[in-house]
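Architecture at a glance
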Amino acid sequence: QVQLVESGGGLAQPGGSLRLSCAASGSSFNVMGWYRQAPGKQRELVASITRGGSTNYADSVKGRFTISRDNAKNTVYLQMDSLKPEDTAVYYCNAPRFNFGSRSDYWGQGTQVTVSS
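The text that follows walks through the structure, step by step, so that each part is easy to find.

Reading the values: rules and limits
- Each residue is numbered by its place in its chain's sequence as written, counting from 1.
- Under the rules for a predicted model, residues below a pLDDT of 70 receive no local features and side-chain atom pairs below 80 are neither given nor counted, while totals for whole chains, interfaces and linings still include all residues.
- The basis for every side-chain value is the complete set of non-hydrogen atoms in the structure, without hydrogens or water.
- Among the buried residues, those of types Ala, Val, Leu, Ile, Met, Phe, Trp, Tyr and Cys that are joined through side-chain atoms within 4.5 Å form a nonpolar core.
- Accessible area is worked out with a 1.4 Å probe on protein chains only. A residue is then buried under 20% of its type maximum, exposed over 50%, and partly exposed in between.
- Every helix listed is a DSSP run of H or I at least four residues long, and every strand listed is a run of E at least two residues long, numbered separately from the N terminus.
- Between two residues, a contact is recorded if the distance between any of their heavy atoms is within 4.5 Å.
- The salt bridge criterion pairs a side-chain nitrogen of Lys or Arg with a carboxyl oxygen of Asp or Glu, the two atoms within 4 Å.

1. Quick look at the nonpolar core
- Formed by 29 residues in total, the largest nonpolar core has its most connected members in M32, W34, L78, M80 and Y91.
- At the level of secondary structure, the elements contributing two or more residues to this core comprise β3 (18–25), β4 (31–37), β5 (44–50), β7 (65–70), β8 (75–80), β9 (89–99) and β11 (111–115).

2. So, the environment of D70
- Mapped onto the elements of the fold, D70 is located in strand β7.
- Since its relative accessible area comes to 26%, D70 is described here as partly exposed.
- Through-space distance from the C-alpha of D70 to that of S82 is 24 Å; in sequence the pair is twelve residues apart.
- Among all residues touching D70, those that are not within four sequence positions of it are T75 and Y77.

3. A short note on the pattern of salt bridges
- Counting across every chain of the model gives five salt bridges.
- With a shortest N-O distance of 2.7 Å, R36 and E44 are connected by a salt bridge.
- Judged by its relative accessible area of 36%, E44 is partly exposed.
- As a salt-bridge pair, D59 and K62 come within 3.1 Å of each other at their nearest N and O atoms.
- You can call D59 exposed: its relative accessible area is 65%.
- Because the salt bridges share partners, they merge into one network encompassing R36, E44, R64 and D87.

As structure tokens, this is what we get:
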């Protein structure tokens, strides 16, 4: 059974930093990533990373967030620096699986990130 267990998050001041972690169990994935969903908005991709280390970022977080992974630990991280109030959202770890052209997604339980003074 696949599980994605997140940790980190919480409250930060504008300009501050937080670090999220997501440990996968039950399987390993070529791609892992982070999404976020703010109240009243659709869930959006924040960043993703392949097993080989190729990364992809949303324009809104480029230069501020860094995604990384430890393949030996089956864990993905999201270092969030220079946080802004608009980064406030529930952040979800994601691991997609592709099979014969179709995609299925595994999700973590979500962790709240609040940026406020």
